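Spelled out from the first residue to the last, the chains are:
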Amino acid sequence: MSHDGVRLRAVMRSVVFLTAGALAVPTLASCGSDDESGKPLAAQDIAPAGRDLVADGGTLRWAVDDVPETLNAFQSDADDTTTRVAQAVLPAMFRLDAQGRPQRDADYLESAKVVDTEPKQVVLYKLDQQAVWSDGREIGAADFAAQWRALSGKDSAYWTARNAGYDRIEKIERGANNLEVKVTFSRPYADWKALFSPLYPKDVMGTPDAFNDGARRKLKVTAGAFSVQKVDRKDKEVVLGRNPHWWGRPAKLSQLVLAAVPLDKRAAALADGSVDLAEIDPADASRIALAGRAKGTSTPLQGASPTGKDENKNESRQKKKLSKKERKALAAYLRQQDALRAFTVRRSLQPAYTQLALNGSEGPLADERVRRAVARALDRTELAKVVLKPLGLPAVPVGSHLALSGQAAYADNSGALGGQDTTEAAALLADAGWVPGGPVKDKGEKAAGSEGKKSRKSGDDTESEGGSDGQYIVGEDNKDSQDHTDKHGHGDQGSKHLADGKQYDGRKVKQGGAPGAYAPKGTAAPADAKTGLLAKDGKPLALRFVLPSGTGSESLGAVADSISRMLEKVGIRTEITKVSDDSYFKDHIASGQYDLALYSWPASAFPATDARPIFAKPVPAADGSLNVEQNYTRVGTDQVDQLFDQAASTLDEDESAALVRKADARIWAAAGSIPLYQRPQLTAARRTLANAGSFGFQTPLYEDMGFLKKGAVPSASPTKD
């Protein structure tokens, strides 16, 4: 789901792996609040420092995954680096704060508010009088209008990724003066703050040719603290330089270089000075923490002895046993470790959560009682610990599909389904006709897909060590060029059957409190359900658990193995099949060739808009296929669709958030996906680098990043490595 109004990343490109590894660091305390939305579970970790402590000048080299295919954030092949460039060089009317909530950007806006609701919603933007493009032209209504026309969906010549919100605009006009922009909506739109962030100049948005091709390789006109100096595909980097026309606080850095470095090469790049800042995996985080603790010892590979003499003897004996190639590799490793002492690990949680997806389109999971039984069998706190506890991060399960703790729409609605209860899970399975023992015609389930490398039943493997998430991240755009906000009709059951999010605020729900979340009263759990596998009509209850096989799958396997053992306790067998990374999403998740899977969704400040395609009820397409949008679990309800529509059209922010919470409670009750934990965010940063690291929810302040003056010390930080 999107950040700062930039849409969801393309699904097939949005794969994020974190390899296994343990980082022994103090646990960050989670935050509590009387407010239903709470606070972020972990603070951002960026070594904050006042601008007076940051030196003027210098070049920051920041590792990214790739050089972007396009610099137009509204095209389907835009990626994380596209977003990063846009944040640094383009206007944004609103940016996210540390709690993931949109805040006015005072560099561009003096004010922005709804000034009329009848007969139409009207938003009046008052721009900062100094706000100009790098060519000297004032930012104004013409730029807003050009972007609206390009993204409205009315002209198919524009190759846009999605049109959410812009399709609700009726007209854009100049206000009382050149600094005022008046936007009139044809239908009420609650998420209007998501629009025009980023804002491109009319030179880019004015014609289909300019939109489609003009901003793919270069941005001639910008309006941020930085401007694009070059996109170097040969050296695989994007170079940003200070914008001389910038009217805000001057950028501390002379240059910001976004260098493409693969995840598994980043430790080496940090050590050789190629980059100063890089998101890393837990294994590299462990190396950096170890290097930091190794000061004053002869080698970072061993603990220091009281005198150091025995250590030196051991090292000499070890070297004699090594081959020439091994000695060379060891020497290179030690040199890297010495260089890594200049870095620290800054830790927080990503604005994204990992879920267990249950494919409800066919098989046993088409029965909602079985899906609920799976959910009730899981100890989500223990699953969060598998990933987060070794990293010293709060192991708190996520309580919402639509927001994360700290965001305005967050509330723990998991009570709509209920917590772990193996007795209740067994009762739900019994009510669905799955019973222990009996004749079983087990022909051996075929591995999911032709790429399946290995299938194992639950309990076959020992649990691997905790560490990173390792899951795929579903990205930040929707390739479908049409907005689906209002395409689903209201259901027959009406609003009287909608669950109220407030009644599921983390309190224990009594049996019968949420429709269908519990087995009918009086349904007994089979006596031997905890030990015997279940069967129905001669078929065993076996679920295909599909996982990727590439980098990062070790810790992914640890989570999957824990889930499998939990399910085995209630008689559900899982058959884990690993498939190639390239085919995981395309051939399995998107096509529905799985029963269980693990992947992650980014959080959004605008869930009424951004989350709707993820949870919309699938509908038949004209060709007879099923249009699932981004709902890869294929589980949806008319009530959830209604609530999203209502939330997106309700201008009262509190009321809109309440409707989002109601939708989330219904999504929990349907048990199509089970949120598990917020993803870890580990960033290696040069110790002298300030105002950069693991940002959490917040949009980075690029103009404040820089290197500390000699002798300067940053503010207190959660980092203690």
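Notes on the structure follow. (Residues numbered from 1 in each chain as written. Predicted model: local features only at pLDDT ≥ 70, side-chain atom pairs only at ≥ 80, totals over all residues. Heavy atoms only, no water.)

1. Examining the overall build of the protein chain
Here's step 1: If you tally the helices and strands in the protein chain, you get 17 helices and 25 strands.
Here's step 2: When the 721 residues of the protein chain are sorted by exposure, 58% land in the buried category.
Here's step 3: Within the protein chain, contacts between residues separated by at least 24 positions form 77% of all contacts whose residues are at least 6 apart in sequence.
Here's step 4: As presented, the protein chain carries roughly 28300 Å² of accessible surface, and 48% of it is formed by carbon and sulfur atoms. (Helix = DSSP H or I, 4+ residues; strand = E, 2+ residues; numbered from the N terminus. Buried < 20%, exposed > 50% of the residue type's maximum accessible area, 1.4 Å probe, protein only. Contact = heavy atoms within 4.5 Å. Areas by Shrake-Rupley, 256 points an atom, 1.4 Å probe, with all protein chains shown as cover.)

2. Re unusual backbone geometry
Most peptide bonds adopt trans geometry, and most residues besides glycine take a negative phi value.
Here's step 1: With omega at 0°, the peptide bond leading from Glu 118 into Pro 119 counts as cis.
Here's step 2: If you trace the backbone, Pro 119 turns up in the loop between strand E4 (109-116) and strand E5 (122-127).
Here's step 3: Residue Ser 197 is joined to Pro 198 through a cis peptide bond whose omega torsion reads 5°.
Here's step 4: Here Pro 198 lies in the loop between strand E7 (180-185) and helix H3 (202-205).
Here's step 5: For Lys 236, which is not glycine, the phi dihedral falls at a positive 55°.
Here's step 6: Examined against the element boundaries, Lys 236 turns out to sit in the loop between strand E8 (226-232) and strand E9 (237-242).
Here's step 7: Of note, the phi angle at Glu 629 is positive, near 50°, even though the residue is not glycine.
Here's step 8: Along the polypeptide, Glu 629 turns up in the loop between strand E22 (626-627) and helix H16 (638-648).

3. Concerning the packing of helix H9 (residues 368-377) against helix H11 (residues 422-431)
Here's step 1: As a packed pair, H9 and H11 sit with axes 8 Å apart at the nearest point and diverge in direction by 165°. As judged from the angle between their axes, H9 and H11 are roughly antiparallel. Handedness of the crossing formed by H9 with H11: left-handed. Along the contact surface, H9 presents Arg 369, Val 370, Arg 372, Ala 373, Arg 376 and Ala 377, while H11 presents Thr 422, Glu 424, Ala 425, Leu 428, Leu 429 and Asp 431.
Here's step 2: By residue class, the composition of the contact of H9 with H11 is six nonpolar, one polar and five charged. (Axes fitted to C-alpha atoms, helices over the stretch in contact; angles between N-to-C directions. Parallel < 35°, antiparallel > 145°, perpendicular 65-115°, else oblique. Left-handed = near helix turned anticlockwise from the far one by under 90°. Nonpolar A, V, L, I, M, F, W, Y, C, P; charged D, E, K, R; others polar.)

4. Re the pairing of strand E18 (residues 542-548)
Here's step 1: Most of E18 sits inside the fold, with seven of its seven residues counted as buried.
Here's step 2: Of the two faces of E18, the one holding Ala 542, Arg 544, Val 546 and Pro 548 and the one holding Leu 543, Phe 545 and Leu 547 are both buried throughout.
Here's step 3: Here seven bridges tie E18 to strand E19 (residues 573-579), and the two strands are oriented parallel to one another. Residue pairing across strands places Val 546 opposite Thr 577, the latter belonging to E19. (Pairing = 2+ DSSP bridges.)

5. Topic: the packing of aromatic side chains
Here's step 1: The tally for this structure, following the rule as stated, stands at 21 aromatic pairs.
Here's step 2: Taking the centre distance of 5.8 Å and the plane angle of 85° together, the rings of Phe 94 and Trp 192 count as edge-to-face. In this pair, Phe 94 is assigned in strand E2 (residues 94-96) and Trp 192 in the loop between E7 and H3, connecting sequence segments 98 residues apart. By the burial criterion, Phe 94 is buried, and Trp 192 matches it. (Phe/Tyr/Trp six-rings, centres within 6.5 Å; stacked < 30°, edge-to-face > 60°.)

6. Here we look at the sheet that holds strand E13 (residues 435-436)
Here's step 1: With antiparallel pairing, the three strands of this open sheet are ordered in space as E13-E16-E17. The outermost strands of the open sheet, each flanked by one partner alone, are E13 and strand E17 (539-540).
Here's step 2: As judged from the two bridges shared by strand E16 (residues 534-536) and E17, these two strands associate in the antiparallel manner. Across the sheet, residue Lys 536 finds its bridge partner in E17, namely Lys 539.

7. Points about the nonpolar core
Here's step 1: The biggest cluster of nonpolar side chains holds 71 residues, and the ones touching the most others in it are Met 93, Tyr 125 and Phe 196.
Here's step 2: Counting residues per element, this core draws most heavily on helix H2 (residues 141-151), which supplies seven residues.
Here's step 3: Core analysis: the next-biggest nonpolar cluster, separate from the first, contains 67 residues, Val 345, Val 374, Trp 434 and Leu 547 among them. (Core = buried A, V, L, I, M, F, W, Y, C linked by side-chain atoms within 4.5 Å.)

8. Brief notes about the environment of Ser 111
Here's step 1: Along the chain, Ser 111 falls in strand E4.
Here's step 2: Note: C-alpha distance between Ser 111 and Leu 124 (13 residues apart in sequence) is 8.0 Å.
Here's step 3: When sequence neighbours within four positions are dropped, the list of residues in contact with Ser 111 reads Arg 104, Leu 124, Tyr 125 and Lys 126.

9. Examining helix H1 (residues 80-89)
Here's step 1: Burial analysis of H1 places nine of its 10 residues in the buried class, which makes it a mostly covered element.
Here's step 2: Burial in H1 covers these residues: Thr 81, Thr 82, Thr 83, Arg 84, Val 85, Ala 86, Gln 87, Ala 88 and Val 89.
Here's step 3: The elements touched by buried residues of H1 are strand E1 (59-64), E2, E8, E9 and strand E10 (255-260).
Here's step 4: Between the side-chain oxygen of the N-cap and the backbone nitrogen of Thr 81 there are 3.1 Å, and the N-cap of H1 in question is Asp 79. (Polar contact = N/O pair within 3.5 Å; in protein donor to acceptor, adjacent residues only side chain to side chain.)

10. Some thoughts on the pattern of salt bridges
Here's step 1: In the structure shown here, the tally under the stated rule is 29 salt bridges.
Here's step 2: Asp 431 is the salt-bridge partner of Arg 369, the closest N and O atoms lying 3.2 Å from each other. Of the two residues, Arg 369 is situated in helix H9 and Asp 431 in helix H11; the sequence distance between them amounts to 62 residues.
Here's step 3: Taking the relative accessible area as the measure of exposure, Arg 369 reaches 27% and is therefore partly exposed.
Here's step 4: Notably, a salt bridge pairs Arg 573 with Glu 575, separated by 3.1 Å at the nearest N-O pair. The burial state of Arg 573 is the same as that of Glu 575; both residues are buried.
Here's step 5: A single salt-bridge network, built from bridges that share partners, covers Arg 51, Arg 249, Glu 703 and Asp 704. (Salt bridge = Lys/Arg side-chain N within 4 Å of Asp/Glu carboxyl O.)

Bear in mind that shape data such as this cannot, by itself, settle questions of function.
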